[in-house]
Amino acid sequence: WGSRTLSRACAGEENWVDSRTIYVGHREPPPGAEAYILQRHPDNRIVSSKYTFWNFIPKNLFEQFRRIANFYFLIIFLVQLIIDTPTSPVTSGLPLFFVITVTAIKQGYEDWLRHKADNAMNQCPVHFIQHGKLVRKQSRRLRVGDIVMVKEDETFPCDLIFLSSSRADGTCHVTTASLDGESSHKTHYAVQDTKGFHTEEDIDGLHATIECEQPQPDLYKPLGSENLLLRGATLKNTEKIFGVAVYTGMETKMALNYQSKSQKRSAVEKSMNVFLIVYLCILVSKALINTVLKYVWQSEPFRDEPWYNQKTESERQRNLFLRAFTDFLAFMVLFNYIIPVSMYVTVEMQKFLGSYFITWDEEMFDEDSGEGPLVNTSDLNEELGQVEYVFTDKTGTLTENNMEFKECCIEGHVYVPHAVCNGQTQAPCAHMCMREREELFFRALCLCHTIQVKDDDDVDGPRKSPDSGKSCVYISSSPDEVALVEGVQRCVSGRVCPFKHLRFPLFTGEIYLFCKGADSSIFPRVIEGKVDQIRAREGLRTLCVAYKRLVPEEYESVCALLQAAKVALQDRERKLAEAYEHIEKDLILLGATAVEDRLQEKAADTIEALQKAGIKVWVLTGDKMETAAATCYACRLFRRSTQLLELTTKRIEEQSLHDVLFELSKTVLRLSADMQDYGLIIDGAALSLIMKPREDGSCGNYRELFLEICRNCSAVLCCRMAPLQKAQIVKLIKLSKEHPITLAIGDGANDVSMILEAHVGIGVIGKEGRQAARNSDYAVPKFKHLKKMLLVHGHLYYIRISELVQYFFYKNVCFIFPQFLYQFFCGFSQQTLYDTAYLTLYNISFTSLPILLYSLMEQHVSIDTLRRDPSLYRDIAKNALLRWRVFVYWTFLGVFDALVFFFGAYFMFENTTVTSNGQIFGNWTFGTLVFTVMVFTVTLKLALDTHYWTWINHFVIWGSLLFYVVFSLLWGGIIWPFLSYQRMYYVFIQLLSSGPAWLVIVLLITVSLLPDVLKKVVCRQLWPSATERVQVRAGRGSRAGGAVPRAQWGRGALSRGPSRSRRCDRWKESGGGVVSPGITAEA
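This is a predicted model, so every value here is computed, not measured.

A. View of the sheet that holds strand β3 (residues 133-138). Spatially, six strands are ordered β3-β2-β4-β11-β5-β9 in an open sheet, and the strand pairing comes out antiparallel. The sheet terminates laterally at β3 and β9 (228-229), the two strands that pair on one side only. Note: strand β5 (residues 159-165) against strand β11 (residues 240-247), six bridges, orientation antiparallel. In the strand pairing of β11, S164 is matched with F242.

B. Representation of the environment of S1008 in the model. Looking at the element boundaries, S1008 is found in helix α36 (residues 995-1022). S1008 sits in the buried class, given a relative accessible area of 1%. When the C-alpha positions of S1008 and T937 are compared, they lie 7.0 Å apart, and in sequence the two are 71 residues distant. Apart from the residues within four sequence positions on either side, S1008 is in contact with F896, D897, V900, F901 and T937.

C. The pairing of strand β24 (residues 587-599), seen in detail. Within β24, ten of the 13 residues are buried, leaving the element largely enclosed by the surrounding structure. Pairing of strand β14 (residues 399-410) with β24 involves eight bridges; the strand directions are antiparallel. The residue bridging E407 from the neighbouring strand is A594, located in β24. In terms of strand pairing, strand β22 (residues 526-528) meets β24 through two bridges, oriented parallel.

D. The environment of H198, seen in detail. Among the secondary structure elements, H198 is positioned in the loop between β7 (185-189) and α6 (200-204). Residue classification places H198 among the partly exposed positions, given a relative accessible area of 35%. A sequence separation of 32 residues divides H198 from S166, and the C-alpha atoms of the two residues are 6.6 Å apart. Not counting residues within four places of it along the chain, the set of residues in contact with H198 comprises S165, R167, K240 and F242. Within the local environment of H198, its side chain forms a polar contact with the backbone oxygen of S165, the two atoms lying 3.0 Å apart.

E. Fine view of the packing of helix α8 (residues 267-297) against helix α32 (residues 884-908). One can describe the packing of α8 onto α32 by two numbers: an axis separation of 12 Å at closest approach and a directional angle of 45°. The angle between the axes of α8 and α32 places the two elements in the oblique class. Both α8 and α32 take part in a crossing whose hand is right-handed. In this structure, α8 uses V274, F275, V278 and Y279 to contact α32, whose residues at the interface are W884, F887 and T891. Of the residues assigned to the contact of α8 with α32, the class counts are six nonpolar, one polar and no charged.

F. Quick peek at unusual backbone geometry. Despite not being glycine, D586 shows a phi value in the positive range, around 55°. Counting through the fold element by element, D586 comes out in the loop between α18 (572-583) and β24. For D586, a relative accessible area of 42% corresponds to the partly exposed category.

G. Structural context of a positive patch on the surface. Among the surface-exposed residues, K137, R140, R141 and R143 lie close enough to one another that they form a single positively charged patch. Looking at the element boundaries, K137 is found in strand β3.

H. Representation of the sheet that holds strand β26 (residues 643-647) in the model. The sheet built from nine strands is open, its strands ordered β12-β31-β30-β29-β13-β25-β28-β27-β26 with mixed pairing. Every interior strand has two partners, whereas the edge strands, β12 (374-375) and β26, have only one. For strand β30 (residues 760-764) and strand β31 (residues 778-780), the ladder comprises three bridges, and the chain directions are parallel. Along β31, the bridge assignment pairs I762 with Y778.

I. Representation of a nonpolar patch on the surface within the structure. Residues F71, I75, L78, L81 and I82 make up a contiguous nonpolar surface patch of about 490 Å² in total accessible area. In this structure, I82 sits in helix α3 (residues 68-82). Judged by relative accessible area, which is 70%, I82 ranks as exposed.

J. The arrangement of the pattern of salt bridges in detail. Applying the stated criterion across every chain, the model contains 28 salt bridges. When the shortest N-O distance is used, the salt bridge between K788 and E363 registers 3.0 Å. Remark: E363 occurs in the loop between α13 (356-359) and β12 and K788 occurs in helix α28 (residues 785-822); sequence separation between them is 425 residues. Note on E363: relative accessible area 29%, which makes it partly exposed. For K941, the salt bridge goes to D945, with nearest N and O atoms at 2.8 Å. Placement of the pair is K941 and D945 together in helix α33 (residues 923-945), with a separation of four residues, close to one helical turn. K941 sits in the buried class, given a relative accessible area of 2%. Residue classification places D945 among the buried positions, given a relative accessible area of 5%. The network of salt bridges with shared partners includes D361, E363, K788, D864 and R867.

K. How the structure looks around the UniProt feature "active site" (unreviewed entry) in the protein. When the UniProt feature table is mapped to this numbering, "active site" (unreviewed entry) covers D393. In this structure, D393 sits in the loop between β13 (389-392) and β14. Once you skip the residues sitting within four places of it in the chain, D393 turns out to touch L398, L620, T621, K726, I745, G746, D747, D751 and M754.

L. View of helix α11 (residues 320-335). Taking 1.5 Å of rise per residue, 16 residues should cover 22 Å, and α11 covers 23 Å from first to last C-alpha, within 8% of that figure. For α11, the full list of buried residues reads T326, D327, F328, A330, F331, M332, V333, L334 and F335. In this fold, the buried residues of α11 make contact with α3, α8 and α28.

Cut-offs applied
Residues numbered from 1 in each chain as written. Predicted model: local features only at pLDDT ≥ 70, side-chain atom pairs only at ≥ 80, totals over all residues. Heavy atoms only, no water. Pairing = 2+ DSSP bridges. Helix = DSSP H or I, 4+ residues; strand = E, 2+ residues; numbered from the N terminus. Buried < 20%, exposed > 50% of the residue type's maximum accessible area, 1.4 Å probe, protein only. Contact = heavy atoms within 4.5 Å. Polar contact = N/O pair within 3.5 Å; in protein donor to acceptor, adjacent residues only side chain to side chain. Axes fitted to C-alpha atoms, helices over the stretch in contact; angles between N-to-C directions. Parallel < 35°, antiparallel > 145°, perpendicular 65-115°, else oblique. Left-handed = near helix turned anticlockwise from the far one by under 90°. Nonpolar A, V, L, I, M, F, W, Y, C, P; charged D, E, K, R; others polar. Patch = residues over 30% accessible without salt bridge, like charges linked within 9 Å, V, L, I, M, F, W, Y side chains within 5 Å. Areas by Shrake-Rupley, 256 points an atom, 1.4 Å probe, with all protein chains shown as cover. Salt bridge = Lys/Arg side-chain N within 4 Å of Asp/Glu carboxyl O. Lys, Arg positive; Asp, Glu negative; His and termini not counted. Charge placed at Lys NZ, Arg CZ, Asp CG, Glu CD. UniProt positions renumbered as here; feature names shortened; annotations may be inferred. Expected span 1.5 Å × (residues − 1).

Here is the structure:
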């Protein structure tokens, strides 16, 4: 009996083949039952890590060499090993090894943290029922069919069928915030035939089987959803429950919903990859030119085979094309340093370390919630400085999601609880004689909710009854429901009292169906009631209430229909929708409620600043048009002078969609000529029509027309939007022909789709759970923090990394172009200009730290200026600092400097007797001279670009130059026994002993830096940008104010502190700037 009943209750359809049979407590069925088939199920271990101890090295190497740059340098390294190349394999192998090692350590550390989290989860204790007793085991040992006991505030270790509860009614309350982001308390019900089993002995004596569907990831279509307790959910306000494991380990719904976010790539990264392709083409061209010129130059016999370098017989008989290909590869190896392999690791370090400046920002810490900003991915830091569209949710993002009952309307009569009259607080509806409709209205509000009440101060619930004498706590499924119940208390009793003490007359023998929802859902189902008298009040959220009477026969039919739909294993969603559609019809409208959701602090200032920065703000909400429009006016998205254009279902019903779009398009063009400020309002139904393909299979024309209208609007409000439609809007703008950078911000699980769709997703850590924050790239406590996130952090991140990318390409052009020129003077023999040590350490040691520190700390203007003047954000819009014009300028600057280095040193060497004792400089001295000028020039170029100077800047920049000099003295001043050659011995010392060499070094550095300095001066005087004008004003103010530190912020500079808290205090005092702890601004 138990077996049949439980199987029927949890399965519903016996003919469903894709199902599993579970024997509760691992008890075999009695003799005569169906054949016992042992099914294998996974254990309860959760594995979120990517690697194991054994596969880490091969798997990580495989993943890293899938990157084109790493694979390219691996090929170059192998070529150096296989053929005779002019440079040692160490010159390519060591930088590649460094990059691979650093990346592997970073990824290994992250995976170790995942292993650590998995072990903590898999080893947590779980209570099993075994032989009528409680046994404590590790979670990973749990198997399908085990009976588990879970206590209050514990997390369910796997997906369980709810057997019984400590509550007499067989219910329990759970929170699923870790699953779907909803912080509400949901009520679940034990299987009817087992809810009376309250002790371990009773549960252990249960003989039953469960027939259920195979695991699937959908959280909202589980088998017998009110009986299923999901892993990751937490038991609340219930002493204990018993359940049987049905899905374990990686088959639980939580594990099946682990989704790896699609890899988002920033605009800077895309530009960097394009620039790499350009430089790869340059590299191939250089190698090809040198190969051709080599064989042209060697076409004369005495050049091909000079007397001092006779070829062997095998060399003479080698195939010409094979020799040419080998030479081509050798030139590729010689010039391969133009592709900066170390740039990748520097960029990753800059992003990783730079992300901490957001989390350390005290100004973005919310003291009320105790939450600070979170960085879930550091790959998009610079994208925060490129945002062109912001898509924001309304409830909980722009507003506080803190609801307050304002009024209700019953049959056209408005009731306001605690109305203020002549300075006296009254309850005008407190002692009214309630007619039947009023009574039904308040009864519906008291019944249509998921609130639980407990007289306990320590209960886990989001809201309390604020004015109650007793410590009565309301555990709400949403803030709206608490506000409605408290509003009913005020209206019915005239005073606030615990909800459970409200009493209404009973309607004996009558059955009522109450329905509460938005007007768009209720009005189509209403056949009676004063629909025209119920209108949304400005800025208030409204819900309509309706009812109908059911006769007993109809009630039985309804219950049977719903039960059959709930336990269906096939098409459950469709069957439930059909059942509700059948039940919820022919309703009688009772009235409506109005709840106010207050605007968040500084939400209006934030939107105003974003608009001044040239960012278009769209509001995407599920609320009705009137409520959403009022909020948009309140937050200054719409202004009183804004002319609103409506693209709504009501207007489309009066005209065709085609006519409405063309009429709006004409209006937009006319208003654009008049410089009129206007906004657009569109609802979800109208958007569906625009996105819906037409009969000829095309929908592009409507979309393009809609996009054209939106582009010319200062703000857009999309109301009545489903979560999927929010994502569709974001995708529509993201894929438009301009390809703008989009940002989506929201606080609820219904905002996750648009957060994942946008280029940058930001979650607000609000009252609707953490699903949005977990799925986002960044998370902030309040909407107001978006202003600093974009206008300050985003601006600075973009400035820094764009300089980093351009500077890396510039210094590598300076590095390798003299090597290219040198081939014209050495018979294209692939002779290297620089020593092997210089080739290896140039990007790793001599020039790496200054640009890394610059990319972490540079502030071209002060933090306060960026915050005060949002228009500065426009200067960096549309990837302004990584456009082709800027890229070509940096490349030609590198070529010019390389020409100065090489030919300046070359003309100096025309007078070969340059030392006092008449010694002649050799080719290694020539290469060392070029290399010395180059290291000093590229480092001083970065110093000239630096606006924010601290002691650590001075230490790293001048320290790098000093390190180069010291290294060169040691490298050339000692005979190293492990080297097979000593070609650099005494070279650098001999170079520095020459007076003309010193003069040439100073002169060439000056000539190299002069054009860039002149260009900046001329452009600043003739065509200054807004940022440059601000810098000039700041410089004048600094000089007028006397000895003011050049980079000082706010009231004081940052200095080293003994603890993190003191550093954060100074951080806040200085304006929340993006600098490292322990840095003092220098005058």
